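Understanding the architecture of this molecule
Residues per chain, in single letters:
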Amino acid sequence: MSVTRLTRAEAEGEMATLEGWEFSREGEAIRRFFKFADFVEAWGFMNRVALLAEKADHHPEWSNVYNRVEIELTTHDCDGLSHRDFELASAIDALMR
Ligand SMILES: C[C@H](O)[C@H](O)[C@H]1CNC2=NC(N)=NC(=O)C2=N1
C-alpha cells in the first residue's frame, strides 16, 4: 500500500503533538519506553496495542523485558515515518490515559 514519507519538518510538527516519544534511527522512526508495575500489566498493554496495530494494519517493532516495553514505530512501505506512525502513537498514548 502506498504511503507518503513525511519530511523532517512534518515529522517534527507531528512530534510536537505527542508526549514521551523521541526520534530514533536518525529520524526514520519514533520510540517510546513504557514501564508498568509488573509483567502482567506490561503484557496486558501489549495485548491492547496488538489489537490497535492489527486494526490499523500498522505494526510496531517492540520488545518487552519483565515490566518494560519499548515500542519503535516506522513505516516499512515508505522507509521512514508516515502519518500512520503518528496515528498509532497517539492511539497507544490514549491507552495510557
Ligand atoms: C500489506 C500490509 O498492508 C502492509 O505490509 C502493512 C502491514 N504493517 C505495516 N507495519 C508497518 N510498521 N509498516 C508498514 O509499512 C506496514 N505495512
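Our structure is the block above this text.
Here we summarise the structure given alongside this text.

Each value, and the rule that gives it
- Residues numbered from 1 in each chain as written.
- Predicted model: local features only at pLDDT ≥ 70, side-chain atom pairs only at ≥ 80, totals over all residues.
- Heavy atoms only, no water.
- Pairing = 2+ DSSP bridges.
- Helix = DSSP H or I, 4+ residues; strand = E, 2+ residues; numbered from the N terminus.
- Polar contact = N/O pair within 3.5 Å; in protein donor to acceptor, adjacent residues only side chain to side chain.
- Contact = heavy atoms within 4.5 Å.
- Phe/Tyr/Trp six-rings, centres within 6.5 Å; stacked < 30°, edge-to-face > 60°.
- Buried < 20%, exposed > 50% of the residue type's maximum accessible area, 1.4 Å probe, protein only.

1. With respect to the pairing of strand 2 (residues 29-35)
Examined bridge by bridge, strand 1 (residues 22-24) and strand 2 share three bridges and lie antiparallel to one another. Counted as the bridge partner of S24 is A29 from strand 2. Bridge count between strand 2 and strand 4 (residues 68-73): six bridges; the pairing is antiparallel. Of the residues in strand 4, the one forming a bridge with R32 is I71.

2. Side note on the side chain of T75
By the secondary structure assignment, T75 is in the loop between strand 4 and helix 3 (83-96). Among the polar contacts listed, one links the side chain of T75 to the side chain of S82, at a separation of 2.7 Å. With sequence-adjacent residues up to four places away left out, T75 is seen in contact with V3, H58, G80, L81, S82, R84 and D85.

3. Considering the packing of aromatic side chains
Aromatic ring pairs are reported here in terms of the distance separating the ring centres and the angle at which the planes meet. Enumeration over the complete set of coordinates arrives at four aromatic pairs. Consider the rings of F36 and F45, whose centres lie 4.9 Å apart with planes at 35°: the pair is tilted. Residue F45 is classed as buried on the basis of its relative accessible area of 0%. Ring geometry for F39 and W43: centres 6.0 Å apart, planes at 20°, overall stacked. Placement of the pair is F39 and W43 together in helix 2 (residues 39-56), with a separation of four residues, close to one helical turn. Through a chain of ring-to-ring contacts, the aromatic side chains of W21, F34, F36 and F45 assemble into a single cluster.

Function cannot be read off these values alone, since they describe shape.
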